[in-house]
Amino acid sequence: MSPRNQARSGASDPARTLAFDALREVHSQDAYANLVLARLLRERRLSVRDAAFATELLSGTCRLQGSYDVIIEAASGRGLSSLQPAVVDLLRLGAHQVLSMRLPDRAAVSATVELAAATVGRRVTGLVNAVLRRITVRSYDDWVAELSAGLDDRDALALRTAHPRWIVDCYADLLPAEEVETALLANNTQPVTTLAVRPGLASVEELEADGAEAGRWSPYAATITGDPGRLPAVREGRAGVQDEGSQLVALALARAAAGPGPWLDLCAGPGGKSALLAGLAGAQGALFVASEPARHRAALVQSALRGYPADGGRVVLAADGTCPPWKPDSFARVLADVPCTGLGALRRRPESRWRRPPEAVTELHPLQRALLGSALQSVRPGGVVAYVTCSPHHDETAVVVEEALAGREDLELLDAPALVPEVPDAALGAFLQLWPHRHGTDAMFLALVRRL
Ligand SMILES: C[S@@+](CC[C@H](N)C(=O)[O-])C[C@H]1O[C@@H](n2cnc3c(N)ncnc32)[C@H](O)[C@@H]1O
């Protein structure tokens, strides 16, 4: 087998080869790193150790990419656009091994040079070797200190924490100054895997007996290490992976006083919150309706609900939430978990911070406003709407809610933090704002609005 084909099959260095192939897909096809990684791990069947190495190499490289790019440009003395994209990805993977993975420099450089030979070709090995050896001369912190000279404080913070400047600005506008860096660095950590049990179908105690640990805030949460699929409750659809922040916002909606009547999840795909809400609605004898316009995502909602008995208490619709097929005033509780930039879930989506342009915030605004308007029309008097984002950005959160409330005397903003009193430091006025660095959850935002 030629070296090139050997590397493609992953025989010589399966972990680095997988990380390289995945990174190429991420950049050349705009693919999601997590999805590509999961697929390649399934297809190539690496050892546990190699799979863990490939996962860290790919995820870490994607997260810190912006700062590595600045370092690579400084070390190579040329702009990245003058290099072949596959070579840039090799250098990024090498930079991560050298600067962040605590591997011996010599081993990291020579393994990356071999990978370059096997994938792109021998002609690039000299360049890859020279640039990586220059990178090994300094630590990450020393590179950042050197390259920060002359930058303003926020640009230096962006480089140090590996975030685009506009995201640094967003966090700096929302948090006390002394918390901003900690909050940004929390986005560079790997979140624990958290499960939510479906109410009435499984219990946290059952998961604990299978090796999980009870969660920190939600009575339905448990954390695990390793593959969730090893737990019978997960395989049987009686529990599923869900961040605790998502559980808390669903729980707050369920706890608000709203009177009897059906519940609606207006933007339900892929069904994480639906799976929890359906059980909570069922416990109150309420019909639960999940609606999601994207058919493949509506199918994921069906799958998330598969553990519940098929007794007619749950309905999944493929409907556009901005022009819904149901009559106004139909529901007692409505969840509007709207599409957003996902700035609060950067831990989970390693490449996303470099992909989303700042304009995404303004582009999403009309849809967010329309969906909240539709939710407020769908709820009956006395009922409650939960407006939720997994972004803390002011323009996606408070601004949307305040616009909807303006001049509406029939709407009342509820004290959302009061409905999850077990969680400290989460009040942003009457809004709930969770943070990875404070709560270990995604940065979920919740506003609860009652229709009078
Ligand atoms: C933040 S996700 C919802 C996550 C979901 N609640 C969960 O916990 O799994 C937003 C969802 O809104 C859906 N969406 C996009 N446009 C929509 C529209 N016009 N009406 C309703 N939902 C929409 C997206 O397809 C996406 O599934």
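Model, not experiment: these values are computed from the prediction.

**What to know about the environment of Gly94**
Topologically, Gly94 is positioned in helix α5 (residues 85-100). C-alpha separation for the pair Gly94 and Ala130, spaced 36 residues apart in sequence, amounts to 12 Å. Excluding anything up to four places from it in sequence, Gly94 contacts Thr112 and Leu132.

**Overview of the packing of aromatic side chains**
Counted under the stated rule, the structure contains 5 aromatic pairs. Ring geometry for Tyr68 versus Tyr140: centroids 6.3 Å apart, planes at 90 degrees, classification edge-to-face. Taken together, the residues span a long stretch of sequence, with Tyr68 in helix α4 (residues 48-76) and Tyr140 in helix α8 (residues 140-148) at a distance of 72 residues. Tyr140 shares its class with Tyr68; the two are buried. Ring centres of Phe431 and Phe445 lie 5.0 Å apart, and the angle between their planes is 55 degrees; on these two criteria the pair is classed as tilted. Residue Phe431 is found in strand β12 (residues 431-433), and its partner Phe445 is found in strand β13 (residues 445-451); the two are separated by 14 residues along the sequence. With respect to class, Phe431 is no different from Phe445; both count as buried.

**Some remarks on the domain arrangement of the chain**
The assigned domain composition of the chain is domain 1 (3-141), domain 2 (150-186), domain 3 (189-241) and domain 4 (242-451). Each of domain 2 and domain 3 has a C-alpha centre, and the two are 33 Å apart.

**A word on the packing of helix α18 (residues 359-378) against helix α19 (residues 398-405)**
Running from N to C, α18 and α19 point in directions that differ by 45 degrees, and their axes come no closer than 10 Å. One finds that α18 runs oblique with respect to α19. The chirality of how α18 crosses α19 is right-handed. Residues His365, Gln368, Arg369, Leu372 and Leu376 of α18 touch α19, and the partners they reach there are Val399, Val400, Val401, Glu403 and Ala404. Looking at the contact of α18 with α19, its residues break down into 6 nonpolar, 2 polar and 2 charged.

Cut-off values and rules
Residues numbered from 1 in each chain as written. Predicted model: local features only at pLDDT ≥ 70, side-chain atom pairs only at ≥ 80, totals over all residues. Heavy atoms only, no water. Helix = DSSP H or I, 4+ residues; strand = E, 2+ residues; numbered from the N terminus. Contact = heavy atoms within 4.5 Å. Phe/Tyr/Trp six-rings, centres within 6.5 Å; stacked < 30°, edge-to-face > 60°. Buried < 20%, exposed > 50% of the residue type's maximum accessible area, 1.4 Å probe, protein only. Domains from an automatic or database assignment. Axes fitted to C-alpha atoms, helices over the stretch in contact; angles between N-to-C directions. Parallel < 35°, antiparallel > 145°, perpendicular 65-115°, else oblique. Left-handed = near helix turned anticlockwise from the far one by under 90°. Nonpolar A, V, L, I, M, F, W, Y, C, P; charged D, E, K, R; others polar.

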